[in-house]
Amino acid sequence: MLVIGDVHIDNDEDLNYYYSLIKNHEKSIQVGDFSVCEEIWKKLNPSTNHRILGGNHEFYPEYHKSPNSLGEYGIHEGIYFIRGAASIDKVRRLKEKSIFSDEELAELGEGWFPDEELTVSQFYSAVSLYRETEPDIVISHDCPQEILCQFTDIKESSKTRNALDSMLSFHVPKMWIFGHHHQRVNFMYKGCNFICLDINQTMEI
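Residues numbered from 1 in each chain as written. Predicted model: local features only at pLDDT ≥ 70, side-chain atom pairs only at ≥ 80, totals over all residues. Heavy atoms only, no water.

### Focus on the overall build of the protein chain
So, step 1. Within the protein chain, the secondary structure is distributed over eight helices and ten strands.
So, step 2. The contacts in the protein chain between residues at least 6 apart in sequence include a share of 60% that link residues at least 24 apart.
So, step 3. Accessible surface computed for the protein chain: about 9,600 Å², of which carbon and sulfur atoms make up 50%. (Helix = DSSP H or I, 4+ residues; strand = E, 2+ residues; numbered from the N terminus. Contact = heavy atoms within 4.5 Å. Areas by Shrake-Rupley, 256 points an atom, 1.4 Å probe, with all protein chains shown as cover.)

Structure, rendered in structure tokens:
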């Protein structure tokens, strides 16, 4: 299984590069921030072998109905996954939303969607599934706040990171892969190998 970091696809050239990453692999998971452009999602070759986990820079109306979407949370190929993160650029994107129409925002790739994070009830169900399954491998877009503090100075938390914290406090997996922070990070913590993938970075599991 190939795992791919954030790709932030804005145009056909970016999309073709993504295809070059997966072309020699039977299956893949892209960890989020695939594209906020509606047209990119519509151009995407439908596949249930090459899946995309929702990030905070995503065109969610298309994500929710795409066969490439991994979904909200669950188990895929024995891997526990959970989507979403809070956008630090939310205010800017909301300001732009008041200036441009929804159609113009889609073209600009700057639309912000309130469902970038799961709802409270979805988080409750996601955490319950995690506790029931106690997975060995986790893939998420963001990471637990406890882990973020190990490699950044970011103090602000979010609903997503709080939920991931509660998961980690209950059960420590063997490997946790995430993106979102645009860094190459690989370290052991409490017996788990935490890996942050940089933009376009790939790894095999």
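### Some details on helix α6 (residues 120-133)
So, step 1. In this model α6 runs 20 Å from its N-terminal to its C-terminal C-alpha over 14 residues, within 8% of the 20 Å that 1.5 Å per residue would give.
So, step 2. When we look at burial in α6, the residues that qualify are F123, A126, V127 and Y130. End-on view of α6: buried residues confined to an arc of 95 degrees, all on one side of the axis. For α6, the exposed residues set more than 90 degrees away from the buried face come down to Y124 and E132.
So, step 3. On its buried face, α6 sits against β4 (73-76), β5 (79-82), β6 (137-140), α8 (159-170) and β7 (175-178).
So, step 4. After α6 finishes, the residue E134 shows a positive phi value of roughly 45 degrees. (Expected span 1.5 Å × (residues − 1). Buried < 20%, exposed > 50% of the residue type's maximum accessible area, 1.4 Å probe, protein only. Arc of directions from axis to C-beta.)

### What to know about the sheet that holds β4
So, step 1. In space, the six strands of this open sheet follow the order β4-β5-β6-β7-β9-β8, with mixed pairing throughout. Every other strand in the sheet has two partners, leaving β4 and β8 (185-189) as the edge strands with one partner each. Along the sheet, successive strands turn relative to each other by an average axial angle of 20 degrees, direction set aside.
So, step 2. Of the strand pairs in this sheet, β6 and β7 are connected by three bridges, and their pairing is parallel. When the sheet's bridge partners are listed, V138 is paired in β7 with W176. (Pairing = 2+ DSSP bridges. Axes fitted to C-alpha atoms, helices over the stretch in contact; angles between N-to-C directions.)

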